[in-house]
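An overview of the molecular structure
Given next are the chains, with one letter for each unit.
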Amino acid sequence: MNPVTRITVQTLILSSMLLPGAMAQGRTSLSVGTFHSPKGFGASVEVQGADHKSFDAFTLMADVHGILMGEFSTPGYKFSYTRDIIFKHVDKSDHSIDFYAGPGLTAGYARDIN
């Protein structure tokens, strides 16, 4: 198994272990979204804590830079997980703002061209 495939499999195993654990800890809401750009695309899942003062964020992204131009034949990827604690919440009449920080990890593989 080549190193890229091995890391991809390990990352998917890790994410499949973390998400059910976050859901089992009394989490109250789940938010799912996607994002798209010329450099890549991906999906993100946020699991809100029961106390509404923390959340877990899982993001999986494909890096497609250089593929459309034929520079590379396979995309890169990135997985990240963060455990975020909301330390300030501000409510306005038409929106709200959360300030948060927390530990996390990012793993992936992408080609860099110079």
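Described below are features of the structure shown in this document.

Some points on the nonpolar core
The nonpolar side chains of a soluble globular protein tend to be buried, and buried together. Val45, Val47, Phe58, Phe79 and Tyr81 together form the largest nonpolar core, which totals five residues. When contributions to this core are tallied by element, the ones reaching two or more residues are β2 (40-48) and β4 (76-91).

Some remarks on the pattern of salt bridges
What the rule picks out here adds up to two salt bridges. Between Lys39 and Asp63 there is a salt bridge, with its nearest N and O atoms 3.0 Å apart. Linking Lys39 in the loop between β1 (29-36) and β2 with Asp63 in strand β3 (residues 54-63), this pair joins segments that are 24 residues apart in sequence. Accessibility expressed as a relative area gives 41% for Lys39, which makes it partly exposed. Accessibility expressed as a relative area gives 11% for Asp63, which makes it buried. With its nearest N and O atoms 3.1 Å apart, the salt bridge here joins Asp56 to Arg83. Here Arg83 lies in strand β4 and Asp56 lies in strand β3, a separation of 27 residues in the sequence. Judged by its relative accessible area of 25%, Arg83 falls in the partly exposed class.

Reading the values: rules and limits
Positions within a chain are numbered from 1, following the residues in the order the chain's sequence is written. In view of the model being predicted, local features appear only for residues whose pLDDT reaches at least 70, and side-chain atom pairs are presented and counted only at 80 or more, with totals across whole chains, interfaces and linings using the full set of residues. As a convention, hydrogens and water are excluded, and side-chain values are obtained from all of the structure's heavy atoms. For the purposes of this section, nonpolar cores are sets of buried Ala, Val, Leu, Ile, Met, Phe, Trp, Tyr and Cys residues that join through side-chain atoms within 4.5 Å. Whether a residue is buried, partly exposed or exposed follows from its accessible area with a 1.4 Å probe, protein chains only, as a fraction of its type maximum: under 20%, in between, or over 50%, in that order. Comment: elements are numbered from the N terminus, with helices defined as DSSP H or I runs of at least four residues and strands as E runs of at least two. For salt bridges, the criterion is a side-chain nitrogen of Lys or Arg within 4 Å of an Asp or Glu carboxyl oxygen.

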